[in-house]
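# Residue-level structural notes
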Amino acid sequence: MMALPGGRHLDSIPIPGQRLHLMQVDSVQRWMEDLKLMTECECMCVLQAKPISLEEDAQGDLILAGGPGPGDPLQLLLKRGWVISTELRRIGQKLAQDRWARVHSMSVRLTCHARSMVSEYSAVSRSSSQEMGQIEKLLMEKCSELSAVTERCLQVENEHVLKSMKACVSETLSTLGQHFGQLLELALTREVQALVRKIDASDNIYTMETTTGNLFSLTQEGAPLCRIIAKEGGVVALFKVCRQDSFRCLYPQALRTLASICCVEEGVHQLEKVDGVLCLADILTDDSHSEATRAEAAAVVAQVTSPHLPFTQHLSSFLESMEEIVTALIKLCQEASSGEVFLLASAALANITFFDTMACEMLLQLNAIRVLLEACSDKQRVDTPYTRDQIVTILANMSVLEQCASDIVQENGVELIMGMLSEKPRSGTPAEVAACERVQQKAAVTLARLSRDPDVAREAVRLSCMSRLIELCRSPSERNSSDAVLVACLAALRRLAGVCPEGLQDSDFQQLVQPRLVDSFLLCSNMEESFV
């Protein structure tokens, strides 16, 4: 990502609808492509500095496939910013390798891109602030300084002198990156402010649709832009849209944008300030809203209650509306017409069970176990390991309640949990493999917790759960060599063995149950090494 102060660095910035492409071209063709985006004086600079080279890494230089659209400052900033960020990173790499010829030629090209960004943005933007003017000046001064010092380095042969000059180049490059980040943040902030003002001021539904769409596209560029949007009133403006009946058809898009902004702390704080949770509760509990709208509201709830984000745990306003939100989410799960809607609703419920322990008791009273287990047999609603991951998360967190066990047995839930121990990926993608591991791990955790109840333990033994747990422990390929799955399976096996020890062979008991847990873990985790 782009380097923005206070944010992580962007390695690349995808442009929705018009992706940047990498092109393998020779030096002359590359210059011809650059020519589209350069002013005449810059073309001369590029022509003089860019060698016609067959150097291996020179063939992979990044260029833009087409220029920014006319009068589109946001696209211009994102495209130019992506190129400059990439050039800065690559100059740093060549500097570390002491490739001085490449460092110099890339520094000249960086200067061209920076000058083009400044001149093109000035041509399409409104009025430039004094602060932006000062940073633009500092940026161009540092670009000139970088080009000059790298040119001098080409003439130096003394290694000690080069070493001291390398430190100077590195410092200049770092300062240049800071100025670029400041300038880019200022420019993007101005454009976000313009979008937010347009949302606040417009009552035209088509203008609002376009503007909220542009704002959503910006949220997909990463956390730094989400912080800018939250800081400049984007959350406030979007909730204003979600409180006007005349914009009902825009609710799904506005809520989808809010879910993206709330991946950063600033977004969640702004949501709480404008009573966003209350607005979400109103939408979820109002059956007159479309299923798509309620599903997007569920997505916002899932985001702001995520256990992976520490700042969401202090959302005090959520507790006031939790009961009606949980009730509405269970209803949405029950009535979901597609797997996507069910996934969003169940993900919100799963996160809420981490958020507050009272949620589990509410779910038990609302017959959530029956609703979730019935859904598992409906392929239209539950058809991926990602959805089963949400369901087993809810069951695992609810299983700490003693009364949960009888409901699980009554709804044939033990058999379903047994099936989850055999979860396998269909596509083999890393994300799906990881989801299957989580399903197996949480299924074993749920089984271990529920087996406190002798009825559950006996039912698990009857269904051959112990055999499956032993297989997962002894066969690394069955658990994708996951240590987390192994620990959970050992714990579940030991709990079942405590109730029904006759279900184990002596060798399994001596290796998997009798020793300390850590010793059994080491034994099973090293089994795959015996084949080497």
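So, a few notes on the structure that sits alongside this text. Source: prediction; values computed, not measured.

## Some points on the overall build of the protein chain
Helix and strand counts for the protein chain come out as 26 helices and 0 strands. Taken over 532 residues, the protein chain has a buried fraction of 53%. The contacts in the protein chain between residues at least 6 apart in sequence include a share of 73% that link residues at least 24 apart. Surface exposure of the protein chain reaches about 23,800 Å², of which carbon and sulfur atoms provide 51%.

## Concerning unusual backbone geometry
The phi dihedral of Asp 275 is positive, around 55 degrees, even though this residue is not glycine. Phi is positive for Ser 464, close to 65 degrees, though the residue is something other than glycine. Note on placement: Ser 464 falls in the loop between helix H22 (454–462) and helix H23 (465–474). Taking relative accessible area as the criterion, Ser 464 reaches 37% and is therefore assigned partly exposed.

## A look at helix H5 (residues 130–155)
Between its first and last C-alpha, H5 extends 39 Å over 26 residues, near the 38 Å set by a 1.5 Å rise per residue. Within H5 the residues assigned to the buried category are Met 132, Ile 135, Glu 136, Leu 139, Met 140, Lys 142, Cys 143, Leu 146, Ser 147, Val 149, Thr 150 and Cys 153. Looking at the buried residues of H5, the elements they touch are helix H4 (100–124) and helix H6 (159–201).

## Considerations on empty space enclosed by the protein
The final tally for this structure, using the stated rule, is 1 cavity of 30 Å³ or more. If you add up the space inside the largest cavity, you get close to 50 Å³. Surrounding the largest cavity, Leu 77, Met 117, Val 118, Tyr 121, Met 132, Glu 136, Leu 183, Leu 184 and Ala 187 form its lining. Elements represented by at least two residues in the lining of the largest cavity include exactly H4, H5 and H6. Residue composition of the lining of the largest cavity, grouped by class: 8 nonpolar, no polar and 1 charged.

## Describing the pattern of salt bridges
Scanning the model with the defined rule gives 21 salt bridges in all. Between Arg 248 and Asp 245 there is a salt bridge, with its nearest N and O atoms 3.5 Å apart. Overall, the relative accessible area of 28% leaves Arg 248 in the partly exposed class. Its relative accessible area of 57% is what places Asp 245 among the exposed residues. When the shortest N-O distance is used, the salt bridge between Asp 389 and Lys 442 registers 2.8 Å. Residue Asp 389 is located in helix H18 (residues 385–398), and its partner Lys 442 is located in helix H21 (residues 430–450); the two are separated by 53 residues in the primary sequence.

## Structural notes on the nonpolar core
Counting 155 residues, the largest nonpolar core has Leu 271 and Leu 329 as its most contacted members. The element contributing the most residues to this core is H6, with 14 residues. Residue contacts for Leu 271: discarding those within four places in its chain leaves Val 235, Phe 239, Cys 262, Gly 276, Val 277, Leu 280, Val 300, Val 304 and Leu 315.

## Thoughts on the packing of helix H9 (residues 234–241) against helix H10 (residues 251–261)
At a minimum axis distance of 9 Å, the contact between H9 and H10 shows a crossing angle of 155 degrees. As summarised for this structure, H9 and H10 are arranged roughly antiparallel, according to the angle between their axes. When the axes of H9 and H10 are compared, the crossing they make is left-handed. Along the contact surface, H9 presents Val 235, Leu 238, Phe 239 and Val 241, while H10 presents Tyr 251, Ala 254, Thr 257, Leu 258 and Ile 261. Among the residues forming the contact of H9 with H10, the class breakdown is 8 nonpolar, 1 polar and no charged.

Parameters and conventions
As a convention, each chain's residues are numbered from 1 in the sequence order in which they are written. Totals for whole chains, interfaces and linings use all residues, but because this is a predicted model, local features are given only for residues with pLDDT of at least 70 and pairs of side-chain atoms are given and counted only at 80 or more. Derived side-chain values reflect all non-hydrogen atoms in the structure, with water molecules and hydrogen atoms excluded from consideration. Helix numbering and strand numbering both begin at the N terminus, where a helix is a DSSP run of H or I of at least 4 residues and a strand a DSSP run of E of at least 2. Throughout this description, buried means an accessible area under 20% of the type-specific maximum (1.4 Å probe, protein chains only), exposed means over 50%, and partly exposed covers the range between. Between two residues, a contact is recorded if the distance between any of their heavy atoms is within 4.5 Å. Methods summary: accessible areas were calculated by the Shrake-Rupley approach with a probe of 1.4 Å, and residue burial reflects only the protein chains presented. Here the expected length of a helix is defined as 1.5 Å per residue gap, with one fewer gap than residues. A cavity, in this analysis, means grid points on a 1 Å lattice covering only the protein atoms where a 1.4 Å probe fits yet has no way out; a pocket is instead an open set bounded by protein on both sides within 12 Å along at least five of seven lines, and a residue lines either one if it has an atom within 4 Å of a point. Grid points are joined across faces, edges and corners, and a volume is the space filled by probe spheres set on the points. Polar here means any residue outside two lists: the nonpolar Ala, Val, Leu, Ile, Met, Phe, Trp, Tyr, Cys and Pro, and the charged Asp, Glu, Lys and Arg; Gly therefore counts as polar. Put simply, a salt bridge is a Lys or Arg side-chain nitrogen that is within 4 Å of an Asp or Glu carboxyl oxygen. Nine residue types can take part in a nonpolar core, namely buried Ala, Val, Leu, Ile, Met, Phe, Trp, Tyr and Cys, and a core is a set of them joined through side-chain atoms within 4.5 Å. Here, axes are lines fitted to C-alpha atoms. For helices the fit covers the stretch in contact, and angles between N-to-C directions go from 0 to 180 degrees. Angle categories are assigned with fixed cut-offs, so that under 35 degrees is roughly parallel, over 145 is roughly antiparallel, 65 to 115 is roughly perpendicular, and the rest are oblique. Each crossing gets its hand from how the near helix is turned against the far one by less than a right angle, where anticlockwise is left-handed and clockwise is right-handed.

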